[in-house]
Amino acid sequence: MGVQYTSVQWNRQKKLYDAVLVSGVAAFLVVFSGLTKLLFPRVTDEIMLIRAFGAGAFLLLHIILCIGPLCRLNSRFLPLLYNRRHAGVMCFLLGLIHAVLVIVTYHAGSDTNPILSIFVSGTFAGTAGTVPFHAFGFIALVILFLMAATSHDFWLANLTAPMWKALHMAVYVAYALLVLHVTFGVLQGEGSPVYVGAVALGVVAVTRRCKSLAEALPPSVVWRGLAMNCETGRATA
Amino acid sequence: MTLALRKRHRRLFAVLGVALPVVFVAGIAARKPIPTMAILPNGLSQSPSRSSEMVRDFLGTYPLGVRLFRDAESQAAWSVQIIARFPPVGPDLLVYWIPATQTLSRNLPDDARLLGAFVPEMAFALPPESVSNRGRLLLYSLANQEVLEASNDFVAAATTARADSPLLAFNILPATLEAARSRTLGWNAMHQLDASPRRAAAPICGQPLPRDQEE
């Protein structure tokens, strides 16, 4: 006898969830690209796509991180929590496309290994504009990859719950690295306060709200879902 | 296990909740404006001669303005100054002059004359043949190896004599055009407008614009 795993146990809710997720991401990419072409007509298509996928991944990561606290505040957000792992995989895929486009555009074409180029192409000269922000993004992408690859009951069961949860808590490290990636990357060149304000809003939303909720609510409430998952060896989403 | 995770979670947020906003604010506060070169290296720049001037806008749909200068001492020496309300996006931009007989394409013609590396408000000396021959300005991206923008064709010496030329009738910088319309100004008056103290204080190659030198 043995447990037989299937790749995804599809049901109506999961299909609906993924349809909404994919539609939302596609709509974001279309609107972002359209606005970029409208407001910045000289931006090349590669840069437009790099920005669209990067912004999409970053925004989706904010949503993913805020889903948990929002569900504790209001049960109407619970449908977002269901199958959140698919949103995480989507976030990784968006980040991967962003990274591939960046590597092809900026790091390929020389005799230096493109991956190595990410780490050696910039020299830190003690200023904010010379911080090697590409490296932050690459490390964050590796973390997101590990999380996406193990977002399955098979890995939850085989890695054991503590190990699996410890690995997936690395999302906060990935988030911190991505904030650094954005702060010392695109925000160094873009002077508009709109971009700065948007990122600042996201940082405050993720760090302060999650922190305050974690401290304010009793453990039985905050960790009820987690404890159920870990004790049963299965995730709810 | 739950308590251990909760402790780890709390420690993580204790660090992130403080460190991340601090680093973010520090990173934003340490931003510096995109550096520009006040003076280009030799071979890529030519200082404009002291001249009289008028305002023109050559570069089609893109919001670039062009001022045309004529040297006050040597009437045959002309130069252009490109003013970008919104700097063009493109790596390693160079400014070229080409004869109007050349067909425009993404590639740089063989007989294009390099005027210099594009720096907003930098003035470039026009080649002697542009004074009497019709030609146009090109904005060329050296890194992308493509022509980004081309101006309308013009003859440097002829533009001063034709106040009602099509070049003057459209493609002028909107702000300049509005000012000219509101005062019902002609070419000579636009010359005055351009020689106002506000304009005269604008730098060219690190030097203030010469005050009005009427022809």
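Residues numbered from 1 in each chain as written. Chains lettered and ligands numbered in written order. Predicted model: local features only at pLDDT ≥ 70, side-chain atom pairs only at ≥ 80, totals over all residues. Heavy atoms only, no water.

### Notes on the pattern of salt bridges
Side chains that carry opposite charge are capable of pairing whenever their charged atoms lie near each other. Residue and element names in this part refer to chain A. Overall, the coordinates contain four salt bridges over all chains when judged by the stated rule. The partner of Lys37 in a salt bridge is Asp45, with the nearest N and O atoms 2.9 Å apart. Of the residues examined, Asp45 reaches a relative accessible area of 45% and is grouped as partly exposed. Glu190 serves as the salt-bridge partner of Arg51, at 2.9 Å between the closest nitrogen and oxygen. Linking Arg51 in helix α2 (residues 45–73) with Glu190 in the loop between α10 (186–189) and α11 (193–216), this pair joins segments that are 139 residues apart in sequence. The class of Arg51 is partly exposed, set by a relative accessible area of 29%. (Salt bridge = Lys/Arg side-chain N within 4 Å of Asp/Glu carboxyl O. Buried < 20%, exposed > 50% of the residue type's maximum accessible area, 1.4 Å probe, protein only. Helix = DSSP H or I, 4+ residues; strand = E, 2+ residues; numbered from the N terminus.)

### Side note on the confidence of the model for chain A
Residue and element names in this part refer to chain A. Here chain A averages 84 in pLDDT, while 86% of its residues score no lower than 70. Looking across chain A, the model is least confident in helix α13 (residues 224–232), with a mean pLDDT of 43, and most confident in helix α6 (residues 133–149), with 95. Long-range and interchain partners of residues 221–237, a stretch whose pLDDT sits below 50, account for 30 contacts in this model, where long-range means more than four residues apart. (pLDDT = per-residue confidence, 0-100. Contact = heavy atoms within 4.5 Å.)

### Quick notes on the sheet that holds strand β8 (residues 146–150) of chain B
Residues and elements named next belong to chain B. Read from one edge to the other, the open sheet built from four strands follows the order β5-β4-β7-β8, with strand pairing classed as antiparallel. A strand with exactly one partner marks an edge of an open sheet, and here the two such strands are β5 (113–117) and β8. Between one strand and the next, the sheet's axes are offset by a mean angle of 30 degrees, whatever the strand orientation. As defined by bridge partners, strand β4 (residues 93–99) adjoins strand β7 (residues 135–141) across seven bridges and the pair is classed as antiparallel. Counterpart to Leu93 in the pairing with β7 is Ser141. (Pairing = 2+ DSSP bridges. Axes fitted to C-alpha atoms, helices over the stretch in contact; angles between N-to-C directions.)

### Focus: the pairing of β8(B)
All names here are of chain B. Across the five residues of β8, four count as buried, placing the element largely inside the fold. In terms of strand pairing, β7 meets β8 through four bridges, oriented antiparallel. Bridging across to β8, Leu138 finds its partner in Ala150.

### Digging into the packing of helix α9 (residues 171–183) of chain A against helix α1 (residues 2–29) of chain B
α1(B) packs onto α9(A) with a crossing angle of 0 degrees between their chain directions and a minimal axis gap of 10 Å. The angle between α9(A) and α1(B) falls in the class roughly parallel. Residues Tyr172(A), Tyr175(A), Ala176(A), Val179(A), Leu180(A) and Thr183(A) of α9(A) lie in contact with α1(B), whose contacting residues are His9(B), Leu12(B), Phe13(B), Leu16(B), Leu20(B), Val23(B), Phe24(B), Gly27(B) and Ile28(B). Residues belonging to the contact of α9(A) with α1(B) are distributed by class as follows: 12 nonpolar, three polar and no charged. (Parallel < 35°, antiparallel > 145°, perpendicular 65-115°, else oblique. Nonpolar A, V, L, I, M, F, W, Y, C, P; charged D, E, K, R; others polar.)

### Some remarks on unusual backbone geometry
Residue and element names in this part refer to chain A. Here Asn83, not a glycine, exhibits a phi torsion of approximately 65 degrees, which is positive. Mapping Asn83 onto the fold places it in the loop between α3 (78–81) and α4 (84–107). Backbone geometry at Thr160 places phi at a positive 75 degrees, although glycine is not the residue there. Within the secondary structure, Thr160 sits in the loop between α7 (153–159) and α8 (161–168).

### Brief notes about the environment of Thr150(A)
All names here are of chain A. Positionally, Thr150 belongs in the loop between α6 and α7. With 65 residues separating them in the primary sequence, Thr150 and Arg85 have C-alpha atoms 9.7 Å apart. Ignoring sequence-local partners within four residues, the contact set of Thr150 consists of Trp155, Leu159, Trp164, Leu167 and His168.

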